[in-house]
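Coordinates in review
Letter by letter, the chains look like this.
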Amino acid sequence: MPPAHLRVGDADREQVVEHVKLAYAEGRLDKDEMDLRLDHAMTAQTHADLAPVMADLYNRVPTLTAYPKPHDEPARAADGTDRVAGAAAHLITLTGLFVVGPLIMLLTAGRTSPYVRRHAMEALNFHLTVFGATILLPFTIVGVVLVPICWVLGIVLSIVGGVSALADGDFRYPLTVRLIK
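Residues numbered from 1 in each chain as written. Predicted model: local features only at pLDDT ≥ 70, side-chain atom pairs only at ≥ 80, totals over all residues. Heavy atoms only, no water.

**Brief notes about a nonpolar patch on the surface**
- There is a patch of nonpolar side chains on the surface, built from Leu91, Leu94, Ile155, Ile159 and Val163 and spanning about 390 Å² of accessible area.
- Tallying contributions element by element places helix H7 (residues 141-166) first for the nonpolar patch, with three residues. (Patch = residues over 30% accessible without salt bridge, like charges linked within 9 Å, V, L, I, M, F, W, Y side chains within 5 Å. Areas by Shrake-Rupley, 256 points an atom, 1.4 Å probe, with all protein chains shown as cover. Salt bridge = Lys/Arg side-chain N within 4 Å of Asp/Glu carboxyl O. Helix = DSSP H or I, 4+ residues; strand = E, 2+ residues; numbered from the N terminus.)

**Quick notes on the confidence of the model for the chain**
- Looking at the chain as a whole, its pLDDT mean stands at 84, while 87% of the residues score no less than 70.
- Between residues 60-73, whose pLDDT stays under 50, and residues either more than four places distant or in other chains, the model counts 26 contacts. (pLDDT = per-residue confidence, 0-100. Contact = heavy atoms within 4.5 Å.)

**Considering the environment of leucine 94**
- Residue position: leucine 94 is located in the loop between helix H4 (80-91) and helix H5 (100-107).
- Along the chain, leucine 94 and glycine 154 lie 60 residues apart, while their C-alpha atoms are 9.4 Å from each other.
- Among residues more than four places away in sequence, those in contact with leucine 94 are Ile155, Ser158 and Ile159.

**Points about the environment of cysteine 150**
- Along the polypeptide, cysteine 150 turns up in helix H7.
- For cysteine 150, a relative accessible area of 21% translates into the label partly exposed.
- On a C-alpha basis, the gap between cysteine 150 and alanine 133 in space is 7.9 Å, while along the polypeptide they are 17 residues apart.
- In contact with cysteine 150, other than residues within four places in its own chain, are Val130 and Leu137. (Buried < 20%, exposed > 50% of the residue type's maximum accessible area, 1.4 Å probe, protein only.)

**Let's talk about the pattern of salt bridges**
- Within this structure, the stated rule accounts for seven salt bridges.
- Where glutamate 122 meets arginine 172, a salt bridge forms, and the shortest distance between an N and an O atom there is 3.7 Å. Remark: arginine 172 occurs in the segment after H7 and glutamate 122 occurs in helix H6 (residues 114-136); sequence separation between them is 50 residues.
- The exposure class assigned to glutamate 122 is buried, which follows from its relative accessible area of 6%.

**A few points about the side chain of serine 113**
- Checked against the element boundaries, serine 113 lands in the loop between H5 and H6.
- Taking the relative accessible area as the measure of exposure, serine 113 reaches 4% and is therefore buried.
- Here the side chain of serine 113 touches valine 116 through a polar contact of 3.2 Å, landing on its backbone nitrogen. (Polar contact = N/O pair within 3.5 Å; in protein donor to acceptor, adjacent residues only side chain to side chain.)

Written out as structure tokens, the structure is:
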């Protein structure tokens, strides 16, 4: 935990804003309280200014008061449950729930676990890309041949993503349009 007198950066403020918005979405804050906390978070200068914004939302202040990880360093799973849920976000597509499965994981387990959220968003973006390619590629002669290849590649990469999530790894699908952030 950094000393309270250290200045905060934009990444620190954005983390707090995300947690406040999540608390509002879960009904733990009303609109006026959310607006007040967002104002305090966006004008905070030090870690001591940010701590009160989050103090009563959780039993402890989450890792918002710690130095943020660089964007290229992935968050690790807290436990085996997160790893299984992260793998499910990838593997649920094998049941035929190509876009709906990762979306369900994102809206349920993704709310409580950043690890599951990251894997569910990655799977959702990939399967939205495959779905879009399936619609657009048949308009070309070469595309008719590429559609089955896209689906086979989608199945294989879903399995690779699931195994990577179980191993507490970071997996990014290639050639993916990331519409959901």
